[in-house]
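The primary structure of each chain is shown beneath.
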2 protein chains.
Amino acid sequence: MDLNTCLRKMELVGVLAFATVDEEGAPQIRNISAIYYEPDALYFFTARGKNFCKELLADGRVQILCYTRYKEMIRLSGKAYAVDEDEQIKWRDRIFQEQPNLENVYPKDTKEIGIIFCIDHAQVEYFNLGVNPIFRETYALGNVIVKEKGYDITDKCVGCKKCQTVCPQKCITEGKPFVIQQEHCLHCGSCYEHCPVKAIERR
Amino acid sequence: MDLNTCLRKMELVGVLAFATVDEEGAPQIRNISAIYYEPDALYFFTARGKNFCKELLADGRVQILCYTRYKEMIRLSGKAYAVDEDEQIKWRDRIFQEQPNLENVYPKDTKEIGIIFCIDHAQVEYFNLGVNPIFRETYALGNVIVKEKGYDITDKCVGCKKCQTVCPQKCITEGKPFVIQQEHCLHCGSCYEHCPVKAIERR
């Protein structure tokens, strides 16, 4: 898997879930389909009066979730910003040209209540539970440092094999220390909980 | 539409997007399908080592989004809590019996890393962009007070009809004051922005 294929899959799925945080620090989620894809960025339309817009302008952090027909999950984490005033109409027109059904929601001049946001720096995670062992990978869109999650086995490892026994995906390799195959790890924490010498750390 | 039909639609869609907030106050979203539905509650499985579990235990606020094959959006907002210790296995077994594929992810005893959460108080929003005008409604699961969103026209209204002209969904009725048909409102804010006498308030 790779970044471009992930972005193309998102485009093909079309309707994605966008999560933000509201002024009370609570999670907010909604479907968005009015998105235009460039190879290195995505542009999306919402209305200025929506809480979604308020949340994007106040904070900007957004996570986008895509679930494909092949049961893959793709998750993009980035910061959205409002596109410059003189570029707004260009991107709005592209979105409405590509998705004529939007004209039913915002007919004629009423689409002027819209605002275009862009995400061009993001971390993109691919996660496939439908293969055995499960598979995950992370990519960078733009110049971002990818934040690794999950667990690592440290030098405190005594090689007792307990972690291998309790791993649901059998993704721990013997060695000094033992090693978690990160691309196959569920992040379930079973090895971490069971290690008798506390050799396993959260990343 | 009604609460029970919404819950049944969620059950039929199966794989839903769950949003939480992490320790840095950032939005986090992932797909969850290991859910068991009762008429008045939903129970779901995750692993104790996942960030998702950490976020649920630390904060508990969650929004769940469902997008149906009929292009309806259903959004549940509630607080999740870990089920009592002596009820954990009962609910886990029900989820695994109903969804045998989970055994591929957490085989045999490895499912002991799981934890069951329950949501039995929530606000459930139904939103359908595929009808004209669009349609929305909100329901309560358990004893919760539904928080209304969108806009209201106050007594400052002078009846100039500007709001009717700019409403994308033509959902404003004449009167003293004019009235927004809340079940058809996009919450786009167009009437609010254009009202010449600032008669429209955010709810």
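Bear in mind that the values here come from a model prediction, so they are computed numbers and not experimental data.

So, about helix 2 (residues 51-58) of chain A. Residues and elements named next belong to chain A. Regarding helix 2, the residues found buried are Phe52, Cys53, Glu55 and Leu56. Along helix 2, the residues classed as buried sweep out an arc of 160 degrees about the axis, all on the same side. For helix 2, the exposed residues lying more than 90 degrees away from the buried face are Leu57 and Ala58. Turning to helix 2, the residues buried within the fold contact strand 1 (16-21), strand 2 (27-32), strand 4 (41-47), strand 5 (61-67) and strand 8 (114-119). A positive phi of about 90 degrees marks Gly60, the residue just after helix 2.

What follows concerns the state of the cysteines. In this structure the tally under the stated criterion is 0 disulfides over all chains. The thiol of A:Cys185 is not disulfide-bonded; the next cysteine sulfur, from A:Cys171, is found 5.0 Å away. B:Cys195 provides the cysteine sulfur closest to B:Cys160, a residue in no disulfide bond, and the two sulfurs are 6.1 Å apart.

Let us now look at the relation of the copies chain B and chain A. For the pair chain B and chain A, the relating rotation is 180 degrees, the translation along its axis is 0.0 Å, and the fit reaches an RMSD of 0.0 Å. Taken together, the rotation and translation describe the operation of a two-fold axis. Residue by residue, 100% of the interface of chain B is reproduced at the interface of chain A, so both copies engage with the same surface.

Now for the environment of A:Phe45. All names here are of chain A. Residue placement: Phe45 occurs in strand 4. Given a relative accessible area of 4%, Phe45 falls into the buried group. Placed 53 residues apart in sequence, Phe45 and Glu98 show a C-alpha to C-alpha distance of 13 Å. Beyond its immediate chain neighbours, meaning those up to four positions away, Phe45 contacts Ala34, Arg92, Ile95, Phe96, Tyr106, Lys111, Gly114, Ile115 and Ile116.

Let us look at the interface of chain B and chain A. Between chain B and chain A, the residue contacts involve 50 residues of the former and 50 residues of the latter. Between chain B and chain A the total buried area reaches about 4100 Å² when both faces are included, carbon and sulfur atoms providing 54% of it. Where chain B meets chain A, there are 4 salt bridges. Our enumeration of links across chain B and chain A arrives at 26 residue pairs in polar contact (both at pLDDT 80 or more). Mapped by element, the contributors of at least two residues to the side of chain B that touches chain A are strand 1 (16-21), strand 2 (27-32), helix 2 (51-58), strand 5 (61-67), strand 6 (72-79), helix 4 (102-105) and helix 6 (190-194) of chain B. Top element by residues in the side of chain B that touches chain A is strand 5 of chain B. It accounts for 7 residues.

What counts as what
- Residues numbered from 1 in each chain as written.
- Chains lettered and ligands numbered in written order.
- Predicted model: local features only at pLDDT ≥ 70, side-chain atom pairs only at ≥ 80, totals over all residues.
- Heavy atoms only, no water.
- Buried < 20%, exposed > 50% of the residue type's maximum accessible area, 1.4 Å probe, protein only.
- Helix = DSSP H or I, 4+ residues; strand = E, 2+ residues; numbered from the N terminus.
- Arc of directions from axis to C-beta.
- Contact = heavy atoms within 4.5 Å.
- Disulfide = S-S within 2.5 Å.
- Least-squares fit on C-alpha atoms with pLDDT ≥ 70 in both.
- Buried area = accessible area lost by both parts, 1.4 Å probe.
- Salt bridge = Lys/Arg side-chain N within 4 Å of Asp/Glu carboxyl O.
- Polar contact = N/O pair within 3.5 Å; in protein donor to acceptor, adjacent residues only side chain to side chain.

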